[in-house]
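Listed below are the residues making up each chain.
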Amino acid sequence: MRKVGELIAFIFLIGFIGLIMAIAVFLLTFDMTIVVFVAIVTIGSIVLKGIHIFNLLSSNIMKKMVWTFYSLCGAIVIGFVIYSGYMESLQVVSTQDVNLQHYEPFSNESDLVTLDEDPAFQIDESPPRLDGATALYPVYAAFAEAVYPEDNYNPYESEVRSSQTDGAFRRFARGEADVIFTAEPSATQKRMIEDMEQDYQMTPIGKEAFVFFTHADNPVETLTVEEIQGIYSGEITNWSEVGGNDQEIKAFQRPEGSGSQSAMVRFMVGHSLMDPPSDEVVSGMGGVIEEAEEYHNHRYAIGYTFRYFATEMVDRGKIDFIGIDEVYPDQQSIRDGSYPVSDVFYAIYLEDEHEKVEPFVEWILSEQGQRVIEETGYVSVEE
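Q: Which parts of the structure should I look at to understand the pairing of strand β3 (residues 200-215)?
A: The side chains of a regular strand alternate between both faces of the sheet. The buried fraction of β3 amounts to twelve of the 16 residues, a majority that puts the element mostly inside the structure. In this sheet, strand β11 (residues 342-350) lies alongside β3 in antiparallel orientation, the contact comprising nine bridges. Across the sheet, M202 pairs through a bridge with I348, a residue of β11. Across two bridges, the pairing between β3 and strand β12 (residues 379-380) is antiparallel. Bridging from a neighbouring strand, G206 pairs with S380 of β12. Here three bridges tie β3 to strand β9 (residues 319-321), and the two strands are oriented antiparallel to one another. From the neighbouring strand, T214 faces β9, where its bridge partner is D320.

As structure tokens, this is what we get:
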């Protein structure tokens, strides 16, 4: 009975410790794989302790079993750490991760395009409140530097900010932004501003390529529109089906409501977009939800975005743009229309809401404003 009592006490002790560890790991990572590993270690320890207490095996064999079990557990932990580091190294920075302070207006170290002459239009006070997509912030921040009064315009909490596409529409619908700069809104975003029951304008001010990219070492350099639609509908699952190596395609998507995801939905017209690779994450309400997994630059992954910020990643040799119908996305192919997937981007504003908005948008469409767009790296709407 003493041995049984000793085993029961050990089970309670190690079981309690294992339970606390499993709960802690789950709350920190929401990774069930690690929770299962903790459970296996706990159960294994209980089994080994039971064998030891009841002398079911010789001491030499017992020592070998203990050494083997915990060595294997240690190897798994080391392997997991190495794998996690590898996965982290594969991540390609998305536009949401860009440090927008590098493009802050009137900053001494700003990377913004500047005019080499006085602007033909100037706002001296009470400038319109601007917001928009992260990828377009370098454009409209450059507009602000050209015509706004010099001031501190923090990209996250000022009159010139980026709340990302969905956030910009929400702020616009609440009357917290006078002009927002985005690609074509999704159906939900259109309803959001139509529910304001006020006349609004969507003025095209420039063009940008919607691009697909993959690991720089992937031999596939171009795809057709139909092949990409086949990949993202789940009909094409292996690179060998499109002229590549015999490897499964890892097709990443972007978060719902982002400008890129709205563009992807339009691109897939006539095809159902398959469910994306997903992660379990903590929601704002504290529950666990599934969100589109961040892009990881596996050798056989594919992703999409707008061209501007991804160009820097291409220049660093991490990814390559995929040509579509054998046309590479650059300013010339966007301008002449040979690249088949270009999107207009807009200045969206309410009519008669702010007296300086319409003159500001007119200046954006002028030669000076369009030159800012071109020199930033986008394509003007004026030929």
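Q: Just to check I follow, could you spell out the packing of helix α4 (residues 137-147) against helix α11 (residues 357-364) for this structure?
A: The relative placement of two packed helices comes down to the angle between their axes together with the axis-to-axis distance. Contact geometry of α4 with α11 gives a least axis separation of 12 Å together with a crossing angle of 105°. Taken together, the axes of α4 and α11 lie roughly perpendicular to each other. Note on element contacts: α11 touches α4 through F360, W363 and I364, opposite F143, A146 and V147. Across the contact of α4 with α11, the residue classes break down as six nonpolar, no polar and no charged.

Q: Just checking my understanding: could you explain the packing of aromatic side chains for this structure?
A: This structure, assessed with the given rule, holds 21 aromatic pairs. Measuring from centroid to centroid gives 5.0 Å for F213 and Y295, while their planes differ by 70°, and the two rings are edge-to-face. Of the two residues, F213 is situated in strand β3 and Y295 in the loop between β7 (288-292) and β8 (301-306); the sequence distance between them amounts to 82 residues. Side by side, F213 and Y295 carry an identical accessibility label, which is buried. Taken together, the ring pairs in this structure connect F106, Y137, Y140, F143, Y148, Y153, F181, F360 and W363 into an aromatic cluster.

About the thresholds
- Residues numbered from 1 in each chain as written.
- Predicted model: local features only at pLDDT ≥ 70, side-chain atom pairs only at ≥ 80, totals over all residues.
- Heavy atoms only, no water.
- Buried < 20%, exposed > 50% of the residue type's maximum accessible area, 1.4 Å probe, protein only.
- Helix = DSSP H or I, 4+ residues; strand = E, 2+ residues; numbered from the N terminus.
- Pairing = 2+ DSSP bridges.
- Axes fitted to C-alpha atoms, helices over the stretch in contact; angles between N-to-C directions.
- Parallel < 35°, antiparallel > 145°, perpendicular 65-115°, else oblique.
- Contact = heavy atoms within 4.5 Å.
- Nonpolar A, V, L, I, M, F, W, Y, C, P; charged D, E, K, R; others polar.
- Phe/Tyr/Trp six-rings, centres within 6.5 Å; stacked < 30°, edge-to-face > 60°.

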